[in-house]
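Geometric and topological summary
Given next are the chains, with one letter for each unit.
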Amino acid sequence: MRLNAYLARAGIASRRGADDLIKAGRVLVNGEPGQLNTFVESRDRVTVDGTPVSLQRLTYLLLHKPAGVVTTARDPQGRPTVVDLVPKEPRVVPVGRLDADTTGVLLMTNDGPLAHRLAHPRYEIEKVYEAEVGGRPAEDVLRALREGVELEDGITAPAKVRRVGDHRIELTIHEGRNRQVKRMFEAVGHPVRSLHRSLYAGLTVQGLAPGKWRPLTRAEIQRLHS
Ligand code: URA
C-alpha cells in the first residue's frame, strides 16, 4: 500500500497529513527517507521521527446511532459526533452518512478499502429505512416510490415499499444519495417526520440501545468482505 495510506491506517495522520510528514523527510522506510510514491508492505520497517509505526488492527463496529449526533469525524460547529460514541483506539470512521436526526444502523471501521466498496453504488448494498411521514400516503404514492421518483439529481432506482402503519412506511433502497429518503418523500408530498435505518448490509441494531455499539462478529465481517 502507498506510504501515506499506511500512515493513515496506522492512525498517525490523515493521508494529506501523512504526505506533509513524508515531504518533511520525517518518515523512514527501512532506514531510507520515504517518498510520496513509496509503496510499503507489512515486512517493511516504517518510522516517524524515529518511532516505529505499526498498522492498527482492522476494527469493525456497529453503532446504534442516536438522534442529535452528526456523522462526521469532526464537526466545525462542535456538535457531538458518532466518533465520540465509540472507543478512540483504534480510530474508526463511519461508512456513509446518516443525517443528524436519523437513527439506526451505522457501520464504523478503519478498513478503508471495505468502506469504499460498501459505499460504492456498484455493490448495491441493501438499506432499509422506516419513515414516519406527514399525512397518510395513498397506494398510488407508494407505487410512485416503488417505481422511482424524479429528484433533482435524477430518477430514483426501483425500491421496495411496505406500509407499516398509517404514517409509517418501510423503504428498501440500494442507492445512497444525500438525504435520499427524505427527498423521495418530499417529492411525493409526505415530508419525513422521523427516520430510522433498520438494516444496512444485513446488519440490524437488534439488542443495542441508541448510542450503544458492539464489535461485528467474525462471521459478519466475513460476509461483508464477500
Ligand atoms: N436518507 C435520508 O434522507 N437521510 C438519512 O439519514 C439517510 C437516508
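Residues numbered from 1 in each chain as written. Predicted model: local features only at pLDDT ≥ 70, side-chain atom pairs only at ≥ 80, totals over all residues. Heavy atoms only, no water.

With that settled, the discussion passes to the environment of glycine 202. Topologically, glycine 202 is positioned in the loop between strand E13 (192-200) and strand E14 (213-215). C-alpha separation for the pair glycine 202 and valine 128, spaced 74 residues apart in sequence, amounts to 9.4 Å. (Helix = DSSP H or I, 4+ residues; strand = E, 2+ residues; numbered from the N terminus.)

To continue, consider the site of the ligand. Every residue lining the ligand is accounted for by Leu98, Asp99, Thr102, Tyr129, Arg179, Gln180, Val181, Lys182 and Leu195. Between the ligand and valine 181, the relevant distance is 3.1 Å, taken from a nitrogen atom to a main-chain nitrogen or oxygen of the residue. In the environment of the ligand, an oxygen atom lies 2.9 Å from a nitrogen or oxygen atom belonging to the backbone of lysine 182. Taking 240 Å² as the accessible area of the ligand by itself, protein coverage stands at 96%. The element best represented in the shell around the ligand is helix H5 (residues 180-187), accounting for 3 residues. Of the residues assigned to the shell around the ligand, the class counts are 4 nonpolar, 2 polar and 3 charged. Two domains each provide a minimum of three residues to the shell around the ligand, namely domain 2 (60-121 + 203-225) and domain 3 (126-200). (Near = heavy atom within 4 Å. Polar contact = N/O pair within 3.5 Å; in protein donor to acceptor, adjacent residues only side chain to side chain. Areas by Shrake-Rupley, 256 points an atom, 1.4 Å probe, with all protein chains shown as cover. Nonpolar A, V, L, I, M, F, W, Y, C, P; charged D, E, K, R; others polar. Domains from an automatic or database assignment.)

With antiparallel pairing, the 4 strands of this open sheet are ordered in space as E2-E1-E3-E4. Of all strands in the sheet, those with a lone pairing partner are strand E2 (32-33) and strand E4 (51-52), marking the two edges. (Pairing = 2+ DSSP bridges.)

This brings us to the side chain of glutamate 220. As for its position among the elements, glutamate 220 is in helix H6 (residues 218-225). In contact with glutamate 220, not counting residues within four places along its chain, are Leu203 and Arg214. (Contact = heavy atoms within 4.5 Å.)

Attention now moves to the domain arrangement of the chain. What the domain assignment lists for the chain is domain 1 (3-53), domain 2 (60-121 + 203-225) and domain 3 (126-200). One C-alpha centre belongs to domain 2, the other to domain 3, and the line joining them spans 22 Å. Taken together, the contact pairs 16 residues of domain 2 with 10 residues of domain 3. Between domain 2 and domain 3 the total buried area reaches about 1,100 Å² when both faces are included, carbon and sulfur atoms providing 41% of it. (Buried area = accessible area lost by both parts, 1.4 Å probe.)

A word on the pattern of salt bridges. Under the definition given, this model contains 17 salt bridges. A salt bridge links lysine 182 to aspartate 101; its shortest N-O distance comes to 2.7 Å. Separated by 81 residues along the polypeptide, lysine 182 in helix H5 and aspartate 101 in the loop between strand E6 (93-94) and strand E7 (103-109) bring together distant segments of the chain. On the basis of relative accessible area, lysine 182 is assigned to the buried category, the value being 10%. Notably, a salt bridge pairs glutamate 139 with arginine 163, separated by 3.4 Å at the nearest N-O pair. (Salt bridge = Lys/Arg side-chain N within 4 Å of Asp/Glu carboxyl O. Buried < 20%, exposed > 50% of the residue type's maximum accessible area, 1.4 Å probe, protein only.)

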